[in-house]
Amino acid sequence: TYVGGIAGYNYGTITACWSTATVTGSTAGGIVGCNNSGAVIACYTTQAIGSSGGGTKVSQADLNSATAIDPMNNYLTGNSYKWAAGTDLPYLVSN
């Protein structure tokens, strides 16, 4: 069974997402359980990253700094939204 904070199985592109969910399973990941030729872009999770999933695992300190936000925004060039620092977690805002 493939289990992820956003998707269990990914064939496509997942962009600008986040998950704070705890996931368990034989093939589990913080964002995607199994990333099959897919792409995970500008996403973060506060949980463990599985071996075949994607995303960036960050600590609370990272989430409140440019350590995570700036790199994720670099992948969002040309989009109408960007990540901004929040009180607890980053959130998406319009450019």
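Source: prediction; values computed, not measured.

What follows covers the side chain of Thr-45. With respect to the helices, strands and loops of the structure, Thr-45 is situated in strand S8 (residues 44–45). We classify Thr-45 as buried; its relative accessible area is 0%. A distance of 3.2 Å separates the side chain of Thr-45 from the backbone oxygen of Ser-19, its partner in a polar contact.

Across 4 bridges, strand S10 (residues 81–84) lies against strand S11 (residues 91–94) in antiparallel orientation. Each bridged residue has a counterpart across the sheet, and for Trp-83 the counterpart in S11 is Leu-92.

Our next topic: the packing of aromatic side chains. Per the counting criterion, the structure on display carries 4 aromatic pairs. Taking the centre distance of 4.9 Å and the plane angle of 55° together, the rings of Tyr-2 and Tyr-9 count as tilted. For Tyr-2, a relative accessible area of 43% corresponds to the partly exposed category. Centre to centre, the rings of Trp-18 and Trp-83 are 5.5 Å apart; their planes meet at 75°, and the pair counts as edge-to-face. Of this pair, Trp-18 sits in strand S4 (residues 18–19) while Trp-83 sits in strand S10, and the two are 65 residues apart along the sequence. Under the relative-accessibility criterion, Trp-83 is labelled buried at 2%.

Bringing a nonpolar patch on the surface into the picture now. A surface patch of nonpolar side chains, about 360 Å² in accessible area, is lined by Tyr-2, Tyr-9 and Tyr-11. Looking at the secondary structure, you find Tyr-9 in strand S2 (residues 7–10). Here Tyr-9 falls in the partly exposed class, since its relative accessible area comes to 32%.

This part covers the confidence of the model for the protein. If pLDDT is low for a region, its predicted coordinates should not be looked at in detail. Chain-level pLDDT for the protein is 78 on average; 80% of the residues reach the 70-or-more range. Put simply, strand S9 (residues 56–57) is where the protein has its lowest mean pLDDT, 54, and S2 is where it has its highest, 91.

What counts, and at which threshold
Residues numbered from 1 in each chain as written. Predicted model: local features only at pLDDT ≥ 70, side-chain atom pairs only at ≥ 80, totals over all residues. Heavy atoms only, no water. Helix = DSSP H or I, 4+ residues; strand = E, 2+ residues; numbered from the N terminus. Buried < 20%, exposed > 50% of the residue type's maximum accessible area, 1.4 Å probe, protein only. Polar contact = N/O pair within 3.5 Å; in protein donor to acceptor, adjacent residues only side chain to side chain. Pairing = 2+ DSSP bridges. Phe/Tyr/Trp six-rings, centres within 6.5 Å; stacked < 30°, edge-to-face > 60°. Patch = residues over 30% accessible without salt bridge, like charges linked within 9 Å, V, L, I, M, F, W, Y side chains within 5 Å. Areas by Shrake-Rupley, 256 points an atom, 1.4 Å probe, with all protein chains shown as cover. Salt bridge = Lys/Arg side-chain N within 4 Å of Asp/Glu carboxyl O. pLDDT = per-residue confidence, 0-100.

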